[in-house]
Amino acid sequence: MHKRIPLILTLAFLASCTTTGPDFVPPQAPAVGTYAMPGDGAGPDGVRLTPEASMDASWWKAFGSAHLDALVEQALAYSPTLDSANAALARAQALESVQRGGALPKVDATGSVSLERINTAGFGITGFPSPTINLYSLGSDVSFDLDLFGGQKRRIEQAAAKTEAQAYRTSAAYLTLTGQVVSRVIELAALRAELTELDDMIAGDQKTLQMIQRGVEAGGEPRSATNTSDAQLAEDEARRPPLLYQIAITRHALALLVGKAPAEWRAPDIELADIAVPADFPLSLPSTLVRQRPDIRAAEADLHAATAAIGIAEAGRYPNVSLDAAFAFTALSPDDLFQYDSSGWSAGPSITAPLFHGGSLKARQAAAVAEARKADAAYRQTVLSAFVQVADLLSAISRDQQLIAAQTRASDIAVENARLASISFENGAGSLLSVIDAQRQAQRARFGLVDSQARLRSDLAALYVATGPLPADAY
């Protein structure tokens, strides 16, 4: 046995310094300092972009709504979607532990009781019956893979990268969930504001109808004059049920996000005006975005795992050496099982070397190389898509701000025109048609203002999600 010790030590030394396959090098951040394309125009006004500021993981608090904060916290606590992501992360962590355990020595207990018939004729003994005996055995096996070419190291590296990727996907699920809650709350608040505007329109229609009816009763208007106003009132009242339906399904969707059935939960009544527009936005620079956005980090970890797979495939083409030892007690009777004469052992290295596999091992390595190229392309596509998304949202926010300013002016002018038209009609200086037309313009302007205000808040929320603030316990 002592003659084998130098060989064993040599193999162990080789195992400690040989690892097949390429080492992973994280991709460099793209050499761009801004998101806007030349010709995009000026950026958003009124919301200061502060690249040097750090973004709070509880980004929704920037909207200054206690009701919104409570809904997001409830979703984080009870959403099945987030539970599923956390379970997937726990699974990845367990599989990583499996691979790490595979690098340690394996010790197994063995035991058996068998009934055996010994064929004496097979040993050249004739004229003697073949006896049937009970054979008892108890022992243990020890095995340690020297990992001569680093295949096991690469498996651990790959499992760790997969765990990291799933951790970032869990963070992405966190961002997606919080973004969906905020988006639904803004949508619900906007729908409720539209319902208020519609009810005001219906009240205005009723007032106009009453005004015309007074004119008919006074003999100044024909009875047919009420037809147009009646039709307008009916049209506006017909818009109410679809709007109530949209409010209902938005509330139901919000219930789903917070992990509740619609029958056991009620969405709070949040006004659009109660959801503030943040004055400052901590916009990450492109070089920072690739290090903090979870889908980019997950794609990078996928590339890492694919790179490690090349080493695994390459190691499979080389010999595998392990140190094995076995010890067992074997006896014909349980009483003799633990006698010294019943004991036996074996120890020494074993080697398995692939000789002919029909080219499958080389093909497996080629497939791993191709998969790594695919993962690299997916990473670069993820980065580019992130930059495009941020650029789109910056343009959208700039448009939203311009639209709010225009809609505010249009609403103010239209409301004043409607007021003056009504006064003129009541004093006999205007027509009914001019009154209804002015009211329609005012109503459209008010609806447009509500829509643009909601869009600005929604786009800001999407920009928060797109710039990827990670939770405090991110991997």
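Residues numbered from 1 in each chain as written. Predicted model: local features only at pLDDT ≥ 70, side-chain atom pairs only at ≥ 80, totals over all residues. Heavy atoms only, no water.

Student: Help me out: how do you make sense of the overall build of the protein in this one?
Tutor: The helix and strand inventory of the protein stands at 10 helices and six strands. Taken across its 475 residues, the protein has 40% of its residues classed as buried. Of the accessible surface of the protein, which amounts to about 25600 Å², a share of 57% is contributed by carbon and sulfur atoms. (Helix = DSSP H or I, 4+ residues; strand = E, 2+ residues; numbered from the N terminus. Buried < 20%, exposed > 50% of the residue type's maximum accessible area, 1.4 Å probe, protein only. Areas by Shrake-Rupley, 256 points an atom, 1.4 Å probe, with all protein chains shown as cover.)

Student: Sorry, what's going on with the packing of aromatic side chains here?
Tutor: Think of a pair of aromatic rings as described by two things: how far the centres are apart, and how the planes are tilted against each other in angle. Evaluation of the coordinates by the stated rule reveals 10 aromatic pairs. Both rings, one in Tyr 35 and one in Phe 387, keep their centres 5.8 Å apart while their planes meet at 80 degrees; by these two values the pair is edge-to-face. Here Tyr 35, found in the loop between helix H1 (5–17) and strand E1 (48–49), pairs with Phe 387, found in helix H9 (residues 360–426); they are 352 residues apart in sequence, far enough to count as distant. In terms of burial, Tyr 35 and Phe 387 fall into one category: buried. A cation over a ring is seen here: Arg 239 above Phe 447, with NZ or CZ 5.0 Å from the ring centre. The ring of Tyr 78 carries the charged tip of Lys 260 above its face, separated from the ring centre by 4.9 Å. (Phe/Tyr/Trp six-rings, centres within 6.5 Å; stacked < 30°, edge-to-face > 60°. Lys NZ or Arg CZ within 6 Å of the ring centre and 35° of its normal.)

Student: Whenever I open this one, helix H2 (residues 66–78) confuses me. Can you help?
Tutor: The α-helix winds at 3.6 residues per turn, so residues separated by three or four positions along the chain end up facing the same way. Taking 1.5 Å of rise per residue, the 13 residues of H2 would be expected to cover 18 Å, and the 18 Å separating its terminal C-alpha atoms lies within 8% of that figure. Taken as a whole, H2 has its buried residues at Leu 68, Asp 69, Leu 71, Val 72, Gln 74 and Ala 75. (Expected span 1.5 Å × (residues − 1).)

Student: What is the right way to look at the environment of Tyr 35 in this model?
Tutor: In this structure Tyr 35 comes out as buried when scored by relative accessible area, which is 10%. Taking the C-alpha atoms as reference points, Tyr 35 and Phe 387, separated by 352 residues in sequence, lie 6.2 Å from one another. What Tyr 35 contacts, discounting residues up to four positions off in sequence, is Leu 283, Ser 284, Leu 285, Pro 286, Leu 289, Phe 387, Val 390, Ala 391 and Leu 394. A polar contact is formed between the side chain of Tyr 35 and the backbone oxygen of Leu 285, at a distance of 3.5 Å. (Contact = heavy atoms within 4.5 Å. Polar contact = N/O pair within 3.5 Å; in protein donor to acceptor, adjacent residues only side chain to side chain.)

Student: Explain the nonpolar core here, please?
Tutor: Looking at soluble globular proteins, one finds that nonpolar side chains tend to be buried together. By size, the foremost hydrophobic cluster in this structure holds 68 residues, and its most contacted members are Phe 63, Val 181, Val 182 and Leu 254. Counting only elements with at least two residues in this core, the list comes to H2, helix H3 (80–102), helix H4 (151–217), helix H6 (240–257), helix H7 (286–292), helix H8 (294–315), H9 and helix H10 (432–466). The element contributing the most residues to this core is H4, with 18 residues. Phe 425, Ile 436, Ala 438 and Ala 442 belong to the second largest nonpolar core, which has 12 residues in total. (Core = buried A, V, L, I, M, F, W, Y, C linked by side-chain atoms within 4.5 Å.)

Student: Can you walk me through the sheet that holds strand E5 (residues 320–331) in this structure?
Tutor: Two pairing modes exist for strands in a sheet, parallel and antiparallel, and in both the strands are linked by backbone hydrogen bonds. Ordered in space as E2-E3-E5-E6, the four strands form an open sheet in which the pairing is antiparallel. The strands lining the two open edges of the sheet, one partner per strand, are strand E2 (106–117) and strand E6 (343–352). Pairwise comparison of adjacent strand axes, ignoring direction, gives a mean angle of 20 degrees for this sheet. Sheet topology note: the E2/strand E3 (residues 132–145) ladder contains 12 bridges and is antiparallel. (Pairing = 2+ DSSP bridges. Axes fitted to C-alpha atoms, helices over the stretch in contact; angles between N-to-C directions.)

Student: It is not clear to me how unusual backbone geometry should be interpreted in this structure. Could you clarify?
Tutor: Only a minority of non-glycine residues have a phi that is not negative, and only a minority of peptide bonds are not trans. Positive phi values are uncommon outside glycine, yet Asp 147 reaches one of about 50 degrees. With respect to the helices and strands, the residue Asp 147 is situated in the loop between E3 and H4. Look at Asp 147 and you get buried, because its relative accessible area is 11%.

Student: Is there a simple way to explain the layout of surface pockets in this structure?
Tutor: To find leftover empty space, one rolls a probe the size of a water molecule over the atoms. There is about 330 Å³ of room inside the largest pocket. Those elements that place two or more of their residues in the lining of the largest pocket are H4, H9 and H10. Its residues assigned to classes, the lining of the largest pocket shows five nonpolar, five polar and five charged. (1 Å grid on protein atoms, 1.4 Å probe; cavity = no way out; pocket = protein on both sides within 12 Å on 5 of 7 lines; lining within 4 Å. Points joined across faces, edges and corners; volume = space filled by probe spheres on them. Nonpolar A, V, L, I, M, F, W, Y, C, P; charged D, E, K, R; others polar.)

Student: What is the right way to look at the pattern of salt bridges in this model?
Tutor: Side chains bearing opposite charge may pair, as long as their charged atoms lie close to each other. Evaluation of the coordinates by the stated rule reveals 19 salt bridges. Residue Asp 199 is joined to Arg 240 by a salt bridge in which the shortest nitrogen-to-oxygen separation is 2.7 Å. In this pair, Asp 199 is assigned in helix H4 and Arg 240 in helix H6, connecting sequence segments 41 residues apart. According to the relative accessible area criterion, Asp 199 is partly exposed, its value standing at 27%. Salt bridges linked by common partners bring Asp 23, Arg 154 and Glu 157 together as one network. (Salt bridge = Lys/Arg side-chain N within 4 Å of Asp/Glu carboxyl O.)

Student: For this particular structure, what's the right way to read the side chain of Asp 69?
Tutor: By secondary structure assignment, the location of Asp 69 is in helix H2. For the buried Asp 69, no salt bridge exists, and the shortest N-O distance to an oppositely charged side chain is 5.8 Å, to Lys 61. Dropping the residues within four chain positions of it, Asp 69 is found in contact with Trp 60 and Lys 61. (Lys, Arg positive; Asp, Glu negative; His and termini not counted.)

Student: Sorry if this is basic, but what is going on with the pairing of E5 here?
Tutor: Put simply, side chains in a regular strand alternate between the two faces of the sheet. Pairing analysis gives 10 bridges linking E3 to E5, with the strands arranged antiparallel. What sits directly across from Gly 139, in E5, is Ala 328. Pairing geometry for E5 and E6, over 10 bridges, is antiparallel. Bridge pairing in E6 places Leu 323 opposite Pro 349.

Student: How do you make sense of the packing of H9 against H10 when you look at a structure like this?
Tutor: Where H9 contacts H10, the axes come no closer than 7 Å and their chain directions differ by 160 degrees. Put simply, H9 runs roughly antiparallel to H10. As for how H9 packs across H10, the hand of that crossing is left-handed. Each residue belonging to the contact of H9 with H10 can be placed in one class, and the counts come to 24 nonpolar, 13 polar and five charged. (Parallel < 35°, antiparallel > 145°, perpendicular 65-115°, else oblique. Left-handed = near helix turned anticlockwise from the far one by under 90°.)

Student: Explanation requested: the packing of H8 against H9 in the structure shown.
Tutor: For any two helices packed against each other, the geometry comes down to the angle between their axes and how far apart the axes lie. The N-to-C vectors of H8 and H9 enclose an angle of 170 degrees; their axes lie 8 Å apart at closest approach. Between H8 and H9, the interaxial angle falls into the category roughly antiparallel. Residue-level contacts link Asp 295, Ile 296, Ala 299, Glu 300, Asp 302, Leu 303, Ala 306, Thr 307, Ala 309, Ile 310, Ala 313 and Glu 314 of H8 to Arg 364, Gln 365, Ala 368, Val 369, Glu 371, Ala 372, Ala 375, Asp 376, Tyr 379, Thr 382, Val 383 and Ala 386 of H9.

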